[in-house]
Amino acid sequence: MKSLLFIGKRAAIVIPSVLGIAVLNFALLHMAPGDAADIIAAQSGGATTEFVAELRRSFGLDRPLWQQFFIYLGKLLTFDLGVSHVQQRPVLSLIAELAPATVLLMMTAILVATLLGMLFGTIAAMRHRKWLDSIISVLALLAYATPQFWLGLMLIVFFSVTLGILPSGGMMTIGQDISWPLRVFDVARHLVLPAVTLGLFYVALYTRLMRASMLEVYTYDFVTTARAKGVSETRVGFVHAAANALLPVVTMAGVQIGHMLGGSILVETVFGWPGLGRLLFDALQQRDLNLLLGILFISSILVVAANLVVDLLYGVLDPRMAK
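Here the structure is a predicted model, which is why all the values come from computation and not from measurement.

Asks: Tell me about the overall build of the chain, residues and numbers included.
Replies: If you tally the helices and strands in the chain, you get 14 helices and 0 strands. In sequence order, the chain lays out its α and β elements as α-α-α-α-α-α-α-α-α-α-α-α-α-α. A burial count over the chain gives 39% of its 323 residues as buried. Across the chain, the fraction of contacts at a sequence separation of at least 24, relative to all contacts at a separation of at least 6, is 74%.

This is the structure in structure tokens:
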């Protein structure tokens, strides 16, 4: 009963949070100069003032801002994200077409980053102030300080150009008629470099966080008791201490979902990964407000849902949090 009440309280926050983010997105985007009519007129070359005015009227951009807001909010409540002004396609269709690629990239990156970060952080804490701890700490600092775009380019140069063992861009090899197991392997090969580029920063972050959390847990009485009972140091570290040091890492992983979604814009551009990041970048350049608002709205749902999952994991990892 307490668990259901805990889930209900967390879930009740989702709807007002998403609506609040949608309102904020609408306000911020309409503060920016220019709109889709200006971009289309500029691309057409010799557009007249009447042509631009007609475009704005057809897009509904000539209406007062408060009317545009209530129209947008009414459509949002029915999950109607409108039509892309530039691409002339339903926004929901465009997002549904490219969202799986971004979700695959993000989930792979955060899964690898979390697992490696917890592993390296645990090993560093178990070898505190020894040479292995120093090496892991230095490598984590270098990974933390390395710009993502530079790392992505260097990985392409080394693994794609020099060694020729991994593809440099795209999501799959075009023009091949192969079975689904080989298709999965092909997508996995294309996924390696962008996932590593996106996730390496978070590996460093989670390594340092897990190490600090582990060192704190090592001071607790139950660790001293386990050692006094003759439990091996490996079991103390990986079983007793690590299990109780996970909460800060899980918290950070949930918070970083939104940050990782922003980072995917750069990574998808560098590697030509066909996801929401590139679509968002194009929509921003084209001032396609409907598409921008739709992507940001769906992104906010993903981030809020990820944080809800983190809250639920809290209740599993530490039952006291569900009270």
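Asks: Break down the pattern of salt bridges for me, citing the residues and quoting the values.
Replies: Within the structure shown, the criterion is met by 4 salt bridges. Arg 211 is the partner of Asp 133 in a salt bridge, and the nearest nitrogen-oxygen pair spans 2.8 Å. Placement of the pair is Asp 133 in helix 7 (residues 131-145) and Arg 211 in helix 9 (residues 180-217), with a sequence separation of 78 residues. Between Arg 227 and Glu 233 there is a salt bridge whose closest N-O contact spans 2.7 Å. The exposure class assigned to Arg 227 is partly exposed, which follows from its relative accessible area of 36%.

Asks: Give a detailed account of helix 2 (residues 14-31), specifying residues and quantitative values.
Replies: The end-to-end C-alpha distance of helix 2 is 26 Å, a good match for the 26 Å that 18 residues give at a rise of 1.5 Å each. Within helix 2 the residues assigned to the buried category are Val 18, Ala 22, Asn 25, Phe 26 and Leu 29. Along the long axis of helix 2, the arc covered by the buried residues comes to 100 degrees, so they all point the same way. Away from the buried face of helix 2 by more than 90 degrees, exposed residues Pro 16, Leu 24 and Met 31 are located.

Asks: I'd like a rundown of the side chain of Ser 213, residues and numbers included.
Replies: By the element assignment, Ser 213 lies in helix 9. Owing to a relative accessible area of 9%, Ser 213 belongs among the buried residues under this scheme. Setting aside anything within four residues of it in sequence, one finds Ser 213 in contact with Ala 245 and Pro 248.

Asks: Pulling in residues and values, what's your account of the packing of helix 6 (residues 91-126) against helix 13 (residues 276-285)?
Replies: Relative to each other, helix 6 and helix 13 sit at 130 degrees, their axes nearing to 8 Å. Accordingly, the angle class assigned to the pair helix 6 and helix 13 is oblique. Counting all contacts with helix 6, which are made through Leu 94, Ile 95, Leu 98, Ala 99 and Thr 102, the residues of helix 13 involved are Leu 276, Gly 277 and Leu 279. Tallied by class, the residues present in the contact of helix 6 with helix 13 amount to 6 nonpolar, 2 polar and no charged.

Asks: Describe helix 13, and please don't skip the residues or the numbers.
Replies: Restricting attention to buried positions, one finds in helix 13 the residues Leu 276, Gly 277, Leu 279, Leu 280 and Ala 283. Along the axis of helix 13, the buried residues cluster in a sector spanning 165 degrees; they form a single face. Positioned one or two residues after helix 13, Arg 287 has a phi angle of 55 degrees, which is positive.

Asks: Please set out the environment of Ile 71 residue by residue, giving values where relevant.
Replies: Topologically, Ile 71 is positioned in helix 5 (residues 65-77). Separated by 11 residues in the primary sequence, Ile 71 and Gly 60 place their C-alpha atoms 9.8 Å from one another.

Asks: With reference to specific residues and values, describe the nonpolar core.
Replies: Core analysis: the largest hydrophobic core is formed by 44 residues, its most contacted members being Leu 105, Tyr 206, Met 210, Met 214, Tyr 218 and Met 260. For this core, the secondary-structure elements that each account for two or more residues are helix 6, helix 8 (148-162), helix 9, helix 10 (221-228), helix 11 (233-244) and helix 12 (246-271). Among the elements that line this core, the one with the most residues is helix 9, at 13 residues. Tyr 218 has contacts with Ala 125, Met 126, Val 223, Arg 227, Glu 233, Val 236, Gly 237 and Ala 241, leaving out every residue within four places of it along the chain. Among the nonpolar cores identified, the runner-up in size contains 25 residues, and Ala 283, Leu 292, Ile 298 and Val 304 belong to it.

Asks: Outline unusual backbone geometry, supporting the account with residue identities and numerical values.
Replies: Although it is not a glycine, Phe 79 sits at a positive phi angle of roughly 60 degrees. Mapped onto the elements of the fold, Phe 79 is located in the loop between helix 5 and helix 6.

Asks: So, the packing of aromatic side chains: which residues are in play, and what are the values?
Replies: In the structure shown here, the tally under the stated rule is 9 aromatic pairs. Between the aromatic rings of Phe 158 and Phe 159, the centroid separation amounts to 4.9 Å while the plane-to-plane angle is 85 degrees, which identifies the pairing as edge-to-face. For Phe 158, a relative accessible area of 43% corresponds to the partly exposed category. Residues Phe 201 and Tyr 202 carry aromatic rings whose centres are separated by 5.1 Å and whose planes lie at 90 degrees to one another, so their mutual orientation is edge-to-face. Take Phe 201 and Tyr 202: they sit in the same class, and that class is buried. Among the aromatic residues, those joined into a cluster by ring pairs are Phe 26, Phe 69, Phe 70 and Tyr 72.

Asks: Give me the lowdown on the environment of Thr 207, citing residues and values where you can.
Replies: One can find Thr 207 in helix 9. On the basis of relative accessible area, Thr 207 is assigned to the buried category, the value being 4%. Sequence separation between Thr 207 and Gly 117 is 90 residues; the distance between their C-alpha atoms is 4.1 Å. Filtering out sequence-adjacent residues up to four positions away, Thr 207 remains in contact with Leu 116, Gly 117, Phe 120, Gly 121, Ile 136 and Ala 140.

About the criteria used
Residues numbered from 1 in each chain as written. Predicted model: local features only at pLDDT ≥ 70, side-chain atom pairs only at ≥ 80, totals over all residues. Heavy atoms only, no water. Helix = DSSP H or I, 4+ residues; strand = E, 2+ residues; numbered from the N terminus. Buried < 20%, exposed > 50% of the residue type's maximum accessible area, 1.4 Å probe, protein only. Contact = heavy atoms within 4.5 Å. Salt bridge = Lys/Arg side-chain N within 4 Å of Asp/Glu carboxyl O. Expected span 1.5 Å × (residues − 1). Arc of directions from axis to C-beta. Axes fitted to C-alpha atoms, helices over the stretch in contact; angles between N-to-C directions. Parallel < 35°, antiparallel > 145°, perpendicular 65-115°, else oblique. Nonpolar A, V, L, I, M, F, W, Y, C, P; charged D, E, K, R; others polar. Core = buried A, V, L, I, M, F, W, Y, C linked by side-chain atoms within 4.5 Å. Phe/Tyr/Trp six-rings, centres within 6.5 Å; stacked < 30°, edge-to-face > 60°.

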